[in-house]
Amino acid sequence: MKILSVNAGSSSLKFQMYEMPEEKVLISGTFERIGIDGGMYTIKYNGEKKKTEREFSTHSEAVQVLIEELLNYKVIESLDEIKGVGHRIVHGGEHYTHSVVATEEVINDLTDISELAPLHNPANLTGIKAFQEKIPDALEVCCFDTAFHQTMNKKEFLYPVPYEWYEKYGVRKYGFHGMSHNYIALRTAEILNNPSARIISCHIGNGGSLCAIKDGKSIDTSMGFTPNAGLMMGSRSGDIDATLIPYIMGKTGETLEEVINDLNKKSGYLGVSGVSSDSRDIEEAAAAGNERAILSQEMYVEKIVNYIAEYYLELGGADAIVFTAGVGENSKDTRKAIVDKLAPLGIKIDEEKNNIRGEEALISTEDSSVKVYVIPTDEEVMIARDTYKFINE
Ligand code: ADP
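Right, let's walk through the structure included here. (Residues numbered from 1 in each chain as written. Predicted model: local features only at pLDDT ≥ 70, side-chain atom pairs only at ≥ 80, totals over all residues. Heavy atoms only, no water.)

## Digging into helix α14 (residues 379–392)
Here is step 1: Between its first and last C-alpha, α14 extends 20 Å over 14 residues, near the 20 Å set by a 1.5 Å rise per residue.
Here is step 2: For α14, the full list of buried residues reads Glu379, Val381, Met382, Ile383, Ala384, Asp386, Thr387 and Tyr388.
Here is step 3: On its buried face, α14 sits against β1 (2–8), β2 (13–19), β6 (82–89), β8 (139–144), α6 (178–192) and β9 (198–204).
Here is step 4: You can read the cap of α14 off the contacts: a side-chain oxygen lies 3.5 Å from the backbone nitrogen of Glu380, and it is on Asp378. (Helix = DSSP H or I, 4+ residues; strand = E, 2+ residues; numbered from the N terminus. Expected span 1.5 Å × (residues − 1). Buried < 20%, exposed > 50% of the residue type's maximum accessible area, 1.4 Å probe, protein only. Contact = heavy atoms within 4.5 Å. Polar contact = N/O pair within 3.5 Å; in protein donor to acceptor, adjacent residues only side chain to side chain.)

Put into structure tokens, the structure is as follows:
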């Protein structure tokens, strides 16, 4: 059975088509600059990538081209072979603890929740509508980034602010990257052959979050009401003292929106180093002796170590620490810097085993008190699995 796994952003659309239940990727691609000049799309098929320049004024036009390409590459002979389309939805609020079929009621509900994720949810919904229009017979499924974290206890998800803020306005920690942390939870439990394992999942990419997992469930996570909480990230500040916002507005004359934009787009690695939000550039600049790049690396590592230490205690110890996403899968130096700081807990890295990128590996020494792994994440397959489940019911 063929299933599409889709991630629609405000000007982009990424897809992977799976043969299920084998979980085989048949074809994948990315549409970029939808609704903006300079549109283009890339299709990856049989290990080859093909890039085409083409303008798209709407997501719907991109989906039309996607269908034409599926037919062109002969991945499908007719549209009715696509039984399901699973969509990544950033925010499911408190209501959605699992993936759901995109009924009209769900779509209305998500439109209401959109004020919690104004940059993401409307774009995700545009994606759903485009596929509903172009492939009306396929089952559309919503898979939420927040759902996995709905198992957190109140004492973990509440902020110490007036309680009515939670009751009236939904102010709480929601957590994100849920599909990734869930994938890591499942895969690590499988490797350890222990479904109740205590796992600290470190999803560190452009965005980043840590998750404390026990019995396959999220116990705590570092992102919060929005994805700009917790860790220092590529261009996001992570946790800050909220009072600096009015202070900077007063000093610079910036509007509230501008300061929030600074905290999302001009902070983190980029803000501290002044070099880049990309850890590869930071590593290069630090190696060349750029002091602010070195400082930004030290800060980046320290924030992650602090959360690992917190979750280690929260979980009453740990069976595994897992690195995933762009930085976690690829940067051996970042992994080493983090694990070296965990020495007081008896956690040790094996430098030779750590000398890998983008592949699954155990990277701790034999006498390390906690096993440390690199596991490439796979959010797309989680979407395909959930979508397949609904069709198979
Ligand atoms: P996103 O949050 O956008 O999904 P990714 O998980 O793809 O981000 O991570 C992207 C980041 O991963 C890049 O910005 C870069 O900092 C980092 N990265 C990717 N490859 C490498 C590498 N070889 N070495 C160090 N960092 C890398």
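## With respect to the pairing of strand β14 (residues 371–374)
Here is step 1: In terms of strand pairing, strand β12 (residues 320–324) meets β14 through four bridges, oriented parallel. When the sheet's bridge partners are listed, Phe323 is paired in β14 with Val374.
Here is step 2: As paired elements, strand β13 (residues 361–362) and β14 share two bridges and run antiparallel to each other. The residue of β14 that forms the bridge with Leu362 is Tyr373. (Pairing = 2+ DSSP bridges.)

## Quick notes on unusual backbone geometry
Here is step 1: The linkage connecting Met20 with the following residue, Pro21, adopts the cis geometry, with an omega of 5°.
Here is step 2: Counting through the fold element by element, Pro21 comes out in the loop between β2 and β3 (24–32).
Here is step 3: Within the chain, His177 stands out as a residue other than glycine whose phi angle is a positive 55°.
Here is step 4: Positionally, His177 belongs in the loop between α5 (163–169) and α6.
Here is step 5: Overall, His177 belongs to the buried group, its relative accessible area being 10%.

Just distances and angles here, no functional claims.
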